[in-house]
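# What the coordinates show
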There are 2 protein chains.
Amino acid sequence: MSYAIGLRCLSCRKAVSLSPFRYFCPHCGGFLDVEYDYEAMRRSLKPSAFDSSKGSILEQWLEFLPIESPGLIARVTLGESPTPMVRATRLPPSADTAQVWLKNDSHFPTCSLKDRSMPLTVLKALELGRNAVGIVSSGNASGSLAAYAARAGLRAVVFMGSKVASGKLYKTMVYRPLAIQVQAPYSEAETLFQRARDEFGFFDCNGLVNPYRIEGKKTFAYEVARDLHWRAPDAVFMPAGYGNGVVAAWKGFKELQRLGFIENLPAIIAVQPAVCAPIVHAYDRGLATVEAIAPADSIAEAVCVNDPVIGGQRVLEAVRESGGRAIGVGEGEIAQAVRILAEREGLAVEPTGAVALAGLLRLLEEGSRWSGGIQVASITGHGLNDPDAGGVLVRHPILVEADYGAVQRALRVALGGR
Amino acid sequence: MSYAIGLRCLSCRKAVSLSPFRYFCPHCGGFLDVEYDYEAMRRSLKPSAFDSSKGSILEQWLEFLPIESPGLIARVTLGESPTPMVRATRLPPSADTAQVWLKNDSHFPTCSLKDRSMPLTVLKALELGRNAVGIVSSGNASGSLAAYAARAGLRAVVFMGSKVASGKLYKTMVYRPLAIQVQAPYSEAETLFQRARDEFGFFDCNGLVNPYRIEGKKTFAYEVARDLHWRAPDAVFMPAGYGNGVVAAWKGFKELQRLGFIENLPAIIAVQPAVCAPIVHAYDRGLATVEAIAPADSIAEAVCVNDPVIGGQRVLEAVRESGGRAIGVGEGEIAQAVRILAEREGLAVEPTGAVALAGLLRLLEEGSRWSGGIQVASITGHGLNDPDAGGVLVRHPILVEADYGAVQRALRVALGGR
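Quick caveat: nothing in here was measured; it's all calculated off a predicted structure. (Residues numbered from 1 in each chain as written. Chains lettered and ligands numbered in written order. Predicted model: local features only at pLDDT ≥ 70, side-chain atom pairs only at ≥ 80, totals over all residues. Heavy atoms only, no water.)

Attention shifts here to the sheet that holds strand S13 (residues 374–379) of chain A. All names here are of chain A. Judged by pairing direction, the sheet is mixed, and its six strands sit side by side in the order S4-S5-S13-S10-S11-S12 without closing on themselves. Taken across any chain shown, the strands that pair with only one partner, and hence form the sheet edges, are strand S4 (85–87) and strand S12 (325–329). The mean inter-strand angle of the sheet, taken between neighbouring strand axes irrespective of direction, is 25°. Across six bridges, strand S5 (residues 99–104) lies against S13 in parallel orientation. The partner of Leu102 across the bridge, within S13, is Ala377. (Pairing = 2+ DSSP bridges. Helix = DSSP H or I, 4+ residues; strand = E, 2+ residues; numbered from the N terminus. Axes fitted to C-alpha atoms, helices over the stretch in contact; angles between N-to-C directions.)

Let's shift gears to the pairing of strand S7 (residues 155–160) of chain B. All names here are of chain B. Most of S7 sits inside the fold, with five of its six residues counted as buried. Relative to S7, strand S6 (residues 132–137) runs parallel, the two sharing six bridges. When the bridges of S7 are listed, Ile135 appears paired with Val158. As a crossover connection, the stretch from S6 through helix H5 (residues 140–152) into S7 is right-handed. Two elements, S7 and strand S8 (residues 178–182), share four bridges in a ladder whose sense is parallel. Paired with Phe159 across the strands is Ile180, a residue of S8. Assessed by its sense of winding, the connection that carries the chain from S7 through helix H6 (residues 166–173) to S8 is right-handed. (Buried < 20%, exposed > 50% of the residue type's maximum accessible area, 1.4 Å probe, protein only. Right-handed = clockwise from strand over helix to strand, strands pointing away.)

Moving on, we come to the relation of the copies chain B and chain A. Rotating chain B by 180° and moving it 0.0 Å along the rotation axis overlays it on chain A with an RMSD of 0.0 Å. Within this description, the copies of the chain are treated as partners about a two-fold rotation axis. Relative to the rotation axis, the C-alpha of Ser53(B) is the closest in chain B, positioned 2.3 Å from it. (Least-squares fit on C-alpha atoms with pLDDT ≥ 70 in both.)

Once that is clear, we can look at the packing of helix H9 (residues 219–227) of chain B against helix H10 (residues 244–258) of chain B. Residues and elements named next belong to chain B. At their nearest, the axes of H9 and H10 sit 7 Å apart, and the two run at 55° to each other. If you check the angle between H9 and H10, you find them oblique. Considering how the two elements wind past one another, H9 and H10 form a crossing that is right-handed. Taking contact as the criterion, the partners of Phe220, Ala221, Tyr222, Val224 and Ala225 in H9 are, on H10, Ala249, Gly252, Phe253, Glu255 and Leu256. Here the residues of the contact of H9 with H10 sort into eight nonpolar, one polar and one charged. (Parallel < 35°, antiparallel > 145°, perpendicular 65-115°, else oblique. Left-handed = near helix turned anticlockwise from the far one by under 90°. Contact = heavy atoms within 4.5 Å. Nonpolar A, V, L, I, M, F, W, Y, C, P; charged D, E, K, R; others polar.)

It is worth spelling out the packing of aromatic side chains at this point. Counting across every chain of the model gives 36 aromatic pairs over all chains. On the numbers, 5.2 Å between centres and 85° between planes, the contact of Trp230(A) with Phe261(A) is edge-to-face. A residue pair is termed long-range when its members are at least 10 positions apart, and Trp230(A) in the loop between helix H9 (219–227) and strand S10 (235–239) and Phe261(A) in the loop between helix H10 (244–258) and strand S11 (267–273) qualify at 31 residues. Taking the centre distance of 5.1 Å and the plane angle of 75° together, the rings of Phe50(B) and Phe64(B) count as edge-to-face. Here Phe64(B) lies in the loop between helix H2 (57–60) and helix H3 (73–76) and Phe50(B) lies in the loop between helix H1 (38–44) and H2, a separation of 14 residues in the sequence. Taken as a pair, Phe50(B) and Phe64(B) share a single burial class, namely buried. Every member of this aromatic cluster is reached through a ring pair, and the members are Phe21(A), Tyr23(A), Phe24(A), Phe31(A), Phe203(A) and Tyr212(A). Directly above the aromatic system of Tyr23(A) lies the positively charged group of Arg197(A), at a separation of 5.3 Å from the ring centroid. (Phe/Tyr/Trp six-rings, centres within 6.5 Å; stacked < 30°, edge-to-face > 60°. Lys NZ or Arg CZ within 6 Å of the ring centre and 35° of its normal.)

As a further point, take the side chain of Ser142(A). Residue and element names in this part refer to chain A. Mapping Ser142 onto the fold places it in helix H5 (residues 140–152). For Ser142, a relative accessible area of 0% corresponds to the buried category. A polar side-chain atom of Ser142 sits 2.8 Å from a polar atom in the side chain of Thr172. Not counting the four nearest positions on each side in its chain, Ser142 is found in contact with Ile135, Ser137, Val158 and Thr172. (Polar contact = N/O pair within 3.5 Å; in protein donor to acceptor, adjacent residues only side chain to side chain.)

This part covers the sheet that holds strand S8 (residues 178–182) of chain A. Backbone hydrogen bonds hold the strands of a sheet together, and the pairing may be parallel or antiparallel. The parallel open sheet is built from five strands, whose spatial order is S9(A)-S6(A)-S7(A)-S8(A)-S14(B). The sheet is open, and its two edges are formed by strand S9 (203–204) of chain A together with strand S14 (398–400) of chain B, each paired on a single side.

Further remarks concern the state of the cysteines. Under the criterion given, the structure shown has zero disulfides over all chains. Cys12(A) forms no disulfide, and the closest cysteine sulfur to it belongs to Cys25(A), at a distance of 3.7 Å. The exposure class of Cys12(A) is partly exposed, given its relative accessible area of 30%. Unpaired in this structure, Cys28(B) has its nearest cysteine sulfur neighbour in Cys9(B), at a distance of 3.4 Å. (Disulfide = S-S within 2.5 Å.)

Attention shifts here to the pattern of salt bridges. Following the criterion strictly, the structure yields 46 salt bridges over all chains and no others. Across the pair Asp33(B) and Lys251(B) runs a salt bridge whose closest N-O atoms are separated by 3.1 Å. Taken together, the residues Asp33(B) in strand S3 (residues 32–36) and Lys251(B) in helix H10 connect sequence positions 218 residues apart. The pair Asp33(B) / Lys251(B) is uniform in exposure class, with both members buried. The residue Arg116(B) makes a salt bridge to Asp105(B) at a minimum N-O spacing of 2.7 Å. Here the residue Arg116(B) occupies a position in the loop between strand S5 (99–104) and helix H4 (118–127), and Asp105(B) occupies one in the loop between S5 and H4, the gap between them amounting to 11 residues. Per residue, the accessibility class of Arg116(B) equals that of Asp105(B), and both read buried. Linked through salt bridges whose partners overlap, the residues forming this network are Asp33(A), Glu215(A), Lys218(A), Lys251(A), Glu255(A) and Arg314(A). (Salt bridge = Lys/Arg side-chain N within 4 Å of Asp/Glu carboxyl O.)

What follows concerns the pairing of S6(B). Residues and elements named next belong to chain B. Most of S6 sits inside the fold, with six of its six residues counted as buried. Because side chains alternate across S6, one face comprises the buried residues Ala132, Gly134 and Val136, and the other comprises Val133, Ile135 and Ser137, equally buried. Sheet topology note: the S6/strand S9 (residues 203–204) ladder contains two bridges and is parallel. Residue pairing across strands places Gly134 opposite Asp204, the latter belonging to S9.

A separate point is helix H13 (residues 331–345) of chain B. All names here are of chain B. Taking 1.5 Å of rise per residue, the 15 residues of H13 would be expected to cover 21 Å, and the 20 Å separating its terminal C-alpha atoms lies within 8% of that figure. Of the residues making up H13, those classed as buried are Ile334, Ala335, Ala337, Val338, Ile340, Leu341, Ala342 and Glu345. Two residues or fewer past H13, Gly346 is found with a positive phi of approximately 80°. (Expected span 1.5 Å × (residues − 1).)

Here we take up unusual backbone geometry. Here Ser19(A) and Pro20(A) are connected by a cis peptide whose omega angle stands at 0°. By the secondary structure assignment, Pro20(A) is in the loop between strand S2 (15–16) and strand S3 (32–36). Of note, His229(B) is a non-glycine position whose phi angle comes to about 60°, a positive value. When you line up the elements, His229(B) lands in the loop between H9 and strand S10 (235–239). The phi dihedral of Trp230(B) is positive, around 60°, even though this residue is not glycine.

Our focus in this paragraph is the packing of H13(B) against helix H14 (residues 351–365) of chain B. Residue and element names in this part refer to chain B. Where H13 contacts H14, the two axes come as close as 8 Å, and the packing angle between them is 100°. With respect to H14, the element H13 is oriented roughly perpendicular. Facing Glu333, Ile334, Ala337, Val338, Ile340 and Leu341 of H13, the residues of H14 in contact are Pro351, Gly353, Ala354, Val355, Leu357, Ala358, Leu361 and Arg362.

See the structure below:
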């Protein structure tokens, strides 16, 4: 059924069979990546067959995904439809040098981009006969996994660090996963999660370890290309934490080119909060690998990752291979992008969700070669995930008694006294 | 361009011209309803032309809507796509007597059903050359209006009552409307809003007063019929507060029948919280009109409306004409429906969003004539709108130190000690 033919180790490059399922290369312990029979796909698949009216994302891109049992989609899906790609119409004047599109992956059932990859991953758990699925997360991935596990009737095991945004905590706990919050730095939660996975055997749904997460995320690229009537934008701006989103988008665009769906490839611009930008650090210095830096805090907490060692290296490769860049943006730039998206484009996003646009605005402001052409910024999470994010909600309603005089005064001040 | 040919007064039934725009019948002061040239529509429009791949909702249903300037859609839209309709697969056994579908209108850019009607209403404000738009709201409508006003570059004026759910307050204020919170019962906010509208002249976007709100909401019916391959379900369950959603759905289904898109009509089941159910009260007693009752509190605050006098009467008509029912559901039933949706179907919804399913589960439990057939429940708002809603989030994560022994103990208890 599926065109997936095997796995490839990202370290030793050896081929590994799809079955039995494993997280790591049996030869060297490296991470694994799904490979397809692209020749057969190229012969059979045509863009015209992939229109956006055909069910959920898993159904729309079925032939691009490693799904053995399409009948299970109905047990998993929450009806994820393609996300909107809207033209930004009221950005600051410096952005007028480009045609800017906002690909809004906050517009998913659990309000973040994680819903691109989690339905496929949970479906794979069903295919493999697993009863429990697990993840360690800053909140968006745990909410998504808990939702799809609930839908599929699987037990969800969720590890969190000591800080979780209020909306993310709600949207995880409402599904009643088994949730463990570790009162320590996030990396400790990761270590404990891995030990627990090995002892208790739940299906590890983390983005680096589980190769199916990347496969689901690839659909971002497919949708963007389709949104543009089967062409790639000139550049795609994406936030980078562990880097899986960037890696998946790049894989997806390259697949489309290989299959003849698009001619050119976009430049990939990976954007990180400057206070925690190990990938940018490596990019700027021309390094081949990413080194961990000291932990830091950013309002964009979901991509504030100090040690994206493996994924970071793949991001570097994607950025360089595509002729793109890695850039860091300041906290003020992120907050400003949040405000612009809300007040001028009508999109409420969490700070992480605005990081890509912050990078885009920076490069357009600088008048770089990214001025001009079609630029896409990935919007990754809804503002309701993190309503308390610093400095975003700077105004409160005007409180008045039930007295028209008070209303009148407030309106005259605000509306200019007509 | 548009098939809209005029307005009809809902009180005196006199015809009123579309232009100049007015909120009320010039003859009797009644509310107005948009009418179309259904004969011309019947000759020209075929279901096959209305597939779900054609842009946003306004673009998909353009011929059904009173839009004079389609070129303005791009200035307004946030890319609202059709919402998912997913089959409920893990409801309690008593529900197995029917095929239950969940039409998830929480899956919109501002996470509630209000995004069905607000883009059209804001577009009409642009067509009419208005600079400011206004609404009084418990939070979902204000968030939606503020978002689309921001996108369109219009000033939003928002009146709220003294109680607003935390997510709804965030998702309104993030767009920086002029927001006035009246420290008094909701009806006082409504009265003050109307005076302010008359003095300051902003475009009133409230559902009863502005006839375009109903027109946008009709797309719910169109989508449900299309989701079912151009047939109506046997019954549609909807929450009823002021009643506009019910009225709009009924109008939409009747239009589709009139145009030959569907053969039969669904029964309309209007569901209210029993603690505040004036429409149910009138229905049960066979009254022709709805009388206001004393204000009350429900966890389903967005449909806790004690005086839906005009809209309520239209709901009664829809329910009776369709062979449906009006029923009240208890607070415990609503909370239970919230839990079922989250823990068994993977959908996080605010209490109001679960009211329709609570009604559906009640009727299936009773073994009424609604057992059997295709039943659709409208899910109206995301759980992130009201994360603090009583009794929903009853569990917190298990807090542990960075110590594997503690993790192990927690998992053994929860996973059954393997």
